[in-house]
Amino acid sequence: MSADPLPRKGIDASDEEIVRRTLLDKEAFTPLIMRYEAKLARYLERLGVGLLEDREDILQNAFIKAYKNLNSFDMTLTFSSWMYRIAHNEAMSFFRRKHARPQIILSEESEMLLTELRDEHADASRLTELRLSREGLAKAFQTLPPRYRDVIALRYFEDRSYTEMSDILEVPVGTVSTLLYRAKRALREALPDIFSV
Amino acid sequence: MTTINPQRGHTLAEQVLSRIEHEQLSPRPRWRFIVKNYVFWCLGALAIVLGALAFAATLFEITNVDWHLSTATHGNLFSFFFAAAPIFWVVAFILLILIGYINVRYTDHGYRHSLLVIALVAGLVSLLLGAGIYAFGFGRAIVEIPGDHPPFYRPIFAVQQSWWLAPEKGLLGGQVVQVAPDGNSFVLSDFSDRTWEIYAGDLAARDFAVIARGGKVRIVGAPVAATSSVFHACFVFSWETYLDSAEQESKQSTVASSTYERNVTGGRSEICKGIRPYQQLRSMDEEGL
């Protein structure tokens, strides 16, 4: 990381500038936490961390980990991808540690996901029905393997590009494409009444 | 990680900063990440170099195995292939390429490359480097490095020697010690240092030429009796594979004094005609292999 002697201050400062400043003064970390707190909390919820307390704990650990590893932050990545990666890894550790199953709750994003999954074989009336029952979609989403849930959540709920998903999940871009294709197919298969497979 | 959340109710930023303060945390120094990255690169490179050594050893074993005598030692090419295949080195090569991949994968941007791409690049570098090492003549040295230590590995020359320590199958190999003045027999010390009297009445001129060159030889024939140390030789081939030139020269001088020319062009006895695979060995013998 090139040392910038006078990083910009305030809300206009870029993430990278705040990182540089935080290395000199830990108080400078605050705007970065505030900038990502809500986004990451929503992401954790979409990954299936159902309880608010759990999300807070994971977020706290993620930001502490980010702070301790600030010097490993690679400026060729976006800070956002790096922070999502840490939060994602913390969430996975949480599930492993607690032997907990993700509790998927889908709200407005179910619309976007359904649109994406719709194809010429979809039964329009059943789609409307399912749209009214987000629980059905959430249930189907929950049956997916974690890797599939990850890519769908990042792509359709977090609106991440393939490159960003590659940086967050630490897999090649080609693998992201393959996972996403398989995840959509698996989700359609999990909703046989709606989609003819 | 142990979760400490002493100030629930405060903002997340306050909680994080409080914890940084409380646990006296500070960013890990940058050099640690740089060193870690270099260590992974170096381990990856080391695995590729070791993979190259394994490939050089593979090439050495493939090119120095008795392909032309496979039907004599193993009956058919298929069983010979499985006996001679350098499985140890091939497995070592594959494992090292995988280790190389894992190490590169854990470098800063290693995750961006697929297993296939990294394995292909690492494999190709190892193959080229290994071919170079083999071409410079280091194959044998590599094959000998493990010695007899690994429980599942024997150098190919030891394996081949064991194939030619089977007089009951008509296969005998060793060093020609002395040739009788009448040319009807010679003395051979086999690879287990057992001394054999070899009956040479059935040998052709080309076989004697091999004996005259000295050094180690392979003999295809038949034991005179199960318990005796007399062996009826039908064909003699040189053990040229593992003789370097210096060794060959010294062996040649030892036997040269007792060498003579013999012109045998006729067929061999019924004993030899009964050995497997007679016609093939005869044609090889005539071609001077």
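Along each chain, residues carry numbers from 1 onward, in the same order as the chain's sequence is written. Chain letters and ligand numbers both follow the written order, the letters beginning at A and the numbers at 1. The predicted nature of this model means local features are confined to residues of pLDDT at least 70 and side-chain atom pairs, given and counted, to a pLDDT of 80 or more, with totals for whole chains, interfaces and linings taken over all residues. With hydrogens and water excluded, all non-hydrogen atoms of the structure serve as input to the side-chain values.

(A) Spotlight on the overall build of chain A. Comment: elements are numbered from the N terminus, with helices defined as DSSP H or I runs of at least four residues and strands as E runs of at least two. Tallying secondary structure elements over chain A gives 10 helices and 0 strands in all. Seen in sequence order, chain A has helices and strands lined up from the N terminus as α-α-α-α-α-α-α-α-α-α. Burial analysis of chain A (197 residues in total) assigns 50% to the buried set. We call two residues in contact whenever any of their non-hydrogen atoms come within 4.5 Å of each other. Look at the contacts in chain A between residues 6 or more apart in sequence, and 66% of them connect residues 24 or more apart. For chain A, the exposed area adds up to about 9300 Å²; of that, 51% sits on carbon and sulfur atoms. Three exposure classes are used, based on accessible area relative to the maximum for each residue type with a 1.4 Å probe and protein chains only: buried under 20%, partly exposed in between, and exposed over 50%. All accessible-area figures derive from a Shrake-Rupley calculation using a 1.4 Å probe, and residue coverage is judged against the displayed protein chains alone.

(B) Spotlight on the overall build of chain B. A count of helices and strands for chain B gives 12 helices and 6 strands. Per-residue burial over chain B gives 45% buried out of 289 residues. Once local pairs closer than 6 in sequence are excluded, the contacts in chain B between residues at least 24 apart make up 65%. Total accessible area computed for chain B in this model is approximately 15100 Å², and 62% of it derives from carbon and sulfur atoms.

(C) Spatial organisation of the pairing of strand β5 (residues 216–223) of chain B. All names here are of chain B. Along β5, 6 of the 8 residues are buried, which leaves the element largely enclosed by surrounding structure. Pairing between two strands is assigned when DSSP locates at least 2 bridges connecting them. When strand β2 (residues 171–179) meets β5, the two strands line up antiparallel, connected through 5 bridges. Residue Leu172 lies in a different strand from β5, and its bridge partner there is Ile219.

(D) View of the packing of aromatic side chains. Aromatic pairs are defined between Phe, Tyr and Trp rings, using the six-membered ring for Trp, whenever the two ring centres lie within 6.5 Å; interplanar angles under 30 degrees are classed as stacked, those over 60 as edge-to-face, and all others as tilted. Taken as a whole and judged by the stated rule, the model has 15 aromatic pairs over all chains. Aromatic pair Phe88(B) and Trp89(B): ring centres 5.0 Å apart, planes at 90°, arrangement edge-to-face. Through successive ring pairs, a cluster of aromatic residues spans Tyr36(A), Phe73(A), Phe79(A) and Trp82(A). Of note, Arg160(A) hangs over the ring of Tyr84(A), and the distance from its end group to the ring centre comes to 4.1 Å. When the ring centre of Trp239(B) is taken as reference, the NZ or CZ atom of Arg218(B) above it lies at 4.2 Å. The rule for a charge over a ring is simple: NZ of Lys or CZ of Arg within 6 Å of the ring centre, and within 35 degrees of the ring normal.

(E) Looking closely at the nonpolar core. One finds Phe29(A), Leu40(A), Phe63(A), Phe79(A), Ile152(A), Val16(B) and Ile20(B) to be the most contacted residues of the largest nonpolar core, which totals 59 residues. Ranked by residue count, the leading element in this core is helix α4 (residues 79–98) of chain A, at 10 residues. The contacts of Leu40(A), once residues within four sequence positions are left out, are Leu59(A), Phe63(A), Met83(A), Tyr84(A) and Ala87(A). With 19 residues, the next largest nonpolar core counts Ile48(B), Leu59(B), Phe60(B) and Tyr153(B) among its residues. In this description, a nonpolar core means a group of buried Ala, Val, Leu, Ile, Met, Phe, Trp, Tyr and Cys residues linked to one another through side-chain atoms lying within 4.5 Å.

(F) Up close: the pairing of strand β4 (residues 195–199) of chain B. All names here are of chain B. Here β4 shows a buried face lined by Trp196 and Ile198 and an unburied face lined by Thr195, Glu197 and Tyr199. Pairing geometry for strand β3 (residues 185–190) and β4, over 5 bridges, is antiparallel. Looking at the pairing, Val187 lines up with Glu197 of β4.

(G) Main features of the interface of chain B and chain A. Taken together, the contact between chain B and chain A spans 27 residues of the former and 34 residues of the latter. Summed over both partners, the accessible area lost on bringing two parts together, with a 1.4 Å probe, is the buried area. Between chain B and chain A, the buried area comes to about 2900 Å², and carbon and sulfur atoms account for 56% of it. For this analysis, a salt bridge means a side-chain nitrogen from Lys or Arg found within 4 Å of a carboxyl oxygen belonging to Asp or Glu. For the pair chain B and chain A, the interface holds 2 salt bridges. With a closest N to O distance of 3.4 Å, Asp167(A) and Arg112(B) form a salt bridge. Those elements giving two or more residues to the side of chain B that touches chain A turn out to be α1 (12–22) and α2 (30–63) of chain B. Taken together, the residues that form the side of chain B that touches chain A break down as 12 nonpolar, 8 polar and 7 charged. Note on residue categories: nonpolar means Ala, Val, Leu, Ile, Met, Phe, Trp, Tyr, Cys or Pro, charged means Asp, Glu, Lys or Arg, and polar means any other residue, Gly included.

(H) Focus on a nonpolar patch on the surface. All names here are of chain B. Residues enter patches when their relative accessible area tops 30% and they take part in no salt bridge; the joining distance is 9 Å for like charges and 5 Å for the nonpolar side chains Val, Leu, Ile, Met, Phe, Trp and Tyr. A contiguous nonpolar patch, built from Ile87, Val90, Val91, Ile94, Leu95, Leu98, Ile99 and Leu115 and spanning about 660 Å² of accessible area, is present on the exposed surface. Sorting elements by how many residues they give to the nonpolar patch places helix α5 (residues 87–105) first, with 7 residues. Among the secondary structure elements, Leu115 is positioned in helix α6 (residues 115–135).

(I) Local environment of the environment of Ser228(B). Residues and elements named next belong to chain B. Relative to the helices and strands, Ser228 resides in the loop between β5 and β6 (230–238). A sequence separation of 32 residues divides Ser228 from Trp196, and the C-alpha atoms of the two residues are 8.8 Å apart. For Ser228, the contacting residues outside a window of four places in its chain are Arg194 and Trp196.

(J) Quick look at helix α2 (residues 30–47) of chain A. Residues and elements named next belong to chain A. Helix length check: α2 (18 residues) gives 25 Å between terminal C-alpha atoms against 26 Å at 1.5 Å per residue, within 8%. Of all the bends in α2, the greatest, near 40°, is centred on Glu37. Every buried residue belonging to α2 is among Thr30, Leu32, Ile33, Tyr36, Leu40, Tyr43, Leu44, Arg46 and Leu47, and all of these are buried. With its phi angle positive at about 115°, Gly48 sits one or two positions after the end of α2. For a helix, the expected span equals 1.5 Å multiplied by the residue count minus one. At any given residue, the bend is defined as the angle formed between two axes, one fitted to the seven residues that end at that position and one fitted to the seven that begin there.

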